[in-house]
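Residues per chain, in single letters:
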Amino acid sequence: MRGLSAAGGLAALRGLLDRPLASYYLLLFSVGLLLLIGLTMVFSATSVEDYANSGDATASLTKQAIFAVFGIVAFWACQRLPVRTFQAVARPALWGTVGLLLLLNLLVALTSLAGVSQIGPFAVDLNWLYVGPLQLQPSELAKFALVLWGADVLARKGAKLGWWRELATPFFPVLGLLFVLVGYNDLGTLICLLALVIGLLWAAGVQLRVFAVLGAIGLLGIGLLVAVASLGAGSSEPGGSDEPNFRLGRLTMFFNPPPLETCKDSGCYQMLQARYAIEHGGWFGTGLGKSSLKWGSLPAKENDFIFVIIAEELGVVGCSVVVALFAVLAYTGLRIARRVTGRFRQLAAAAATAWLIGQAMINIGGVIGLLPLTGVPLPFISDGGSALVSTLAAVGMLASFARAEPDAARALHARPPARWVRLVWAPLPPLPGRRRPGAPSAPRARVPRGQHEDDQAARRAVRANRARRGSVEERRR
């Protein structure tokens, strides 16, 4: 009976996954729950210090909720866009992001060399660029821009990807420029971009030797970026030769950790506090809002180390729920990439999934000690406006692709929703295999005049023979 019930449960699950809009609803379910968990944990991690500093325990929550509203608007807008729009904005989005990164690095260099931290309305604070009252992080925008541009370039090349020169122009040079601009100040985001590119090339079917060469170049580049941290790269106090190389320190701390009793006075203090929090949480946690290490003991608790607060307050069970939701998101993204039609959609879906899941694995692996610390936020959960808006925009693109799956498009056209629902939420996707309205018809081959007249004469002769044969048969009757 137990085996029959398990088989029945698997059959029911398979039936649910075979529904036309299963990918779309799985995407909304996983991302919606992750966003709700993120807002809850940001409030839990920041309420104590916010109340102590300003008397308002919901200050950080309000700010994050405003960014969540902007992210939902970006999700709604990207869900309504057709694939032609994503392809059209790919190149402007990439070069606009490169321009912002150039401006950011220029201001960082001027701050280091001349002490100039502001030019007109533009100011800089490490990885943050201020344009008047607007604050953004260009490296987060670079991830979504690279998804669109990389998928568009590789989709246009098609079967030519087997040749090295097709990747050498323009994919690898632009990729190298983007890696340098991002990695000089933010090595963690560079590793996320590298995971994105690996997922994109893997989905494109690039040969394995390309991955070997790319991996060797990537390791060499990461080594150089670790070395230049001694000159102030990525440091909030650049330019000092006496400053310790914090990137090299993190790697050394990971591969050769010092004794725990000495960590309170060295660079592993943050990791030690994270271990205490995870141990304190146990299997079921101390309870929501009852973390003790968020009272000033754990740095970056609302950003890079928010998974530690989840582990302390919700325990192993809460961490398992978060990991399971990311697993559902990974399955859904790969399912969309496999089922959707169109090469650009397939590559963009695979690249966006590699970005989101790779960043989540880097964050979780770093805070629990399985990977070196890189300082990247946990998608949908960590505090941060630019990261939340860009990730929700990418999910909106995935939702647009999920609705464009052949079975989903046919189901939506078979039972179309009300007109006001399509106006407010999302229009109907195009049916697979149907020519777009207004698209030019296939050009007809021009036939020489003499051949055209001969064909007409032949058709007249055939009709005359048929008529003559019919009259003879009538006389015989």
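All of the points below concern the structure found in this document. (Residues numbered from 1 in each chain as written. Predicted model: local features only at pLDDT ≥ 70, side-chain atom pairs only at ≥ 80, totals over all residues. Heavy atoms only, no water.)

**Observations concerning the overall build of the chain**
Okay, step 1: Looking only at helices and strands, the chain has 17 helices and four strands in total.
Okay, step 2: Per-residue burial for the chain yields a buried fraction of 42% across its 477 residues.
Okay, step 3: A sequence separation of at least 24 residues applies to 68% of the contacts in the chain between residues at least 6 apart.
Okay, step 4: Of the roughly 25,200 Å² of accessible surface on the chain, 64% is carried by carbon and sulfur atoms. (Helix = DSSP H or I, 4+ residues; strand = E, 2+ residues; numbered from the N terminus. Buried < 20%, exposed > 50% of the residue type's maximum accessible area, 1.4 Å probe, protein only. Contact = heavy atoms within 4.5 Å. Areas by Shrake-Rupley, 256 points an atom, 1.4 Å probe, with all protein chains shown as cover.)

**Considerations on the packing of helix α4 (residues 83–114) against helix α5 (residues 138–157)**
Okay, step 1: Interaxial distance between α4 and α5 falls to 8 Å at its minimum, and their mutual angle equals 145°. Seen along the crossing, α4 lies across α5 with a hand that is left-handed. Where α4 approaches α5, its residues F86, Q87, V89, A90, R91, A93, L94, T97, L100, L101 and L104 are matched on the opposing element by P138, S139, L141, A142, A145, L148, W149 and D152. (Axes fitted to C-alpha atoms, helices over the stretch in contact; angles between N-to-C directions. Left-handed = near helix turned anticlockwise from the far one by under 90°.)

**Observations regarding helix α12 (residues 306–339)**
Okay, step 1: Here α12 is 34 residues long, yet its end C-alpha atoms lie only 34 Å apart, well below the 50 Å a rise of 1.5 Å per residue gives.
Okay, step 2: Of all the bends in α12, the greatest, near 125°, is centred on L314. (Expected span 1.5 Å × (residues − 1). Bend = angle between axes of the 7 residues up to and from the residue.)

**Regarding the pairing of strand β2 (residues 122–125)**
Okay, step 1: Inspection of the sheet shows strand β1 (residues 118–119) paired to β2 by two bridges, in the antiparallel sense. Paired with I119 across the bridge in β2 is F122.
Okay, step 2: Linking β1 back to β2 in an antiparallel pair, the connection comprises two residues, with G120 at a positive phi of about 60°.
Okay, step 3: Judged from the four bridges that link them, β2 and strand β3 (residues 128–131) form a sheet pairing that is antiparallel. Along β3, the bridge assignment pairs V124 with L129. (Pairing = 2+ DSSP bridges.)

**Describing a nonpolar patch on the surface**
Okay, step 1: Nonpolar side chains collect at one region of the surface, where Y25, L28, V69, V73, W76, W420, L423, V424 and W425 lie side by side and expose about 920 Å² of accessible area between them.
Okay, step 2: Breaking the nonpolar patch down by element, the ones donating at least two residues are α2 (22–54), α3 (59–80) and α16 (419–424).
Okay, step 3: Along the chain, V69 falls in helix α3. (Patch = residues over 30% accessible without salt bridge, like charges linked within 9 Å, V, L, I, M, F, W, Y side chains within 5 Å. Salt bridge = Lys/Arg side-chain N within 4 Å of Asp/Glu carboxyl O.)

**Focus: the packing of aromatic side chains**
Okay, step 1: Across all of its chains, the model carries six aromatic pairs by this definition.
Okay, step 2: Ring geometry for F75 against W425: centres 6.1 Å apart, planes inclined by 45°, an arrangement best described as tilted. With F75 in helix α3 and W425 in the loop between α16 and α17 (449–476), this residue pair connects regions lying 350 residues apart in the sequence.
Okay, step 3: By way of ring pairs, the aromatic residues W149, F171 and F172 are connected into one cluster.
Okay, step 4: Directly above the aromatic system of Y24 lies the positively charged group of R403, at a separation of 5.8 Å from the ring centroid. (Phe/Tyr/Trp six-rings, centres within 6.5 Å; stacked < 30°, edge-to-face > 60°. Lys NZ or Arg CZ within 6 Å of the ring centre and 35° of its normal.)

**Remarks on the sheet that holds β1**
Okay, step 1: The strand order across the open sheet built from four strands is β1-β2-β3-β4, with neighbouring strands paired in antiparallel fashion. The two strands at the open ends of the sheet, each matched to only one other strand, are β1 and β4 (134–136).
Okay, step 2: Note that β3 and β4 share three bridges and pair antiparallel. Its bridge partner being in β4, L129 is matched across the sheet by L136.
Okay, step 3: With respect to the sheet, α4 is in contact with β1, β2, β3 and β4, its orientation differing from that of β2 by roughly 70°.

**Comments concerning the side chain of R335**
Okay, step 1: Its location among the elements puts R335 in helix α12.
Okay, step 2: Despite its burial, R335 pairs with no opposite charge, the nearest such side chain being E405 at 4.8 Å.
Okay, step 3: If we skip the residues at most four places from it in the chain, R335 touches L17, R19, A22, S23 and E405. (Lys, Arg positive; Asp, Glu negative; His and termini not counted.)

**Things to note about the side chain of Q64**
Okay, step 1: Among the secondary structure elements, Q64 is positioned in helix α3.
Okay, step 2: Using a relative accessible area of 2% as the deciding quantity, one classes Q64 as buried.
Okay, step 3: Of note is the side chain of Q64, whose polar atom sits 3.2 Å from the backbone oxygen of S382.
Okay, step 4: Reaching out from Q64, the side chain makes a polar contact with the backbone nitrogen of G384 at a distance of 3.1 Å.
Okay, step 5: Leaving out residues up to four positions away in the same chain, Q64 has contacts with L39, V42, S382, D383, G384 and L388. (Polar contact = N/O pair within 3.5 Å; in protein donor to acceptor, adjacent residues only side chain to side chain.)

**Some remarks on the pairing of β3**
Okay, step 1: Counting the residues between successive antiparallel strands, the hairpin from β2 to β3 contains two residues, one of them, L126, with a positive phi of roughly 60°.
Okay, step 2: Between the antiparallel neighbours β3 and β4 lie two residues, among them G132 with a positive phi of about 65°.

**Things to note about unusual backbone geometry**
Okay, step 1: In this model, F380 sits at a positive phi of 70°, which is unusual for a non-glycine residue.
Okay, step 2: Turning to its location among the elements, F380 is positioned in the loop between α13 (343–367) and α14 (385–403).
Okay, step 3: Judged by relative accessible area, which is 3%, F380 ranks as buried.

**What to know about the pattern of salt bridges**
Okay, step 1: The tally for this structure, following the rule as stated, stands at four salt bridges.
Okay, step 2: For E49, the salt bridge goes to K301, with nearest N and O atoms at 3.1 Å. Taken as a pair, E49 in helix α2 and K301 in the loop between α11 (269–281) and α12 lie far apart in primary sequence, 252 residues in all.
Okay, step 3: A salt bridge links K143 to E140; the shortest N-O distance between them is 3.1 Å. Within this pair, K143 and its partner E140 are both found in helix α5, separated by three residues, close to a single helical turn.
Okay, step 4: Given a relative accessible area of 2%, E140 falls into the buried group.

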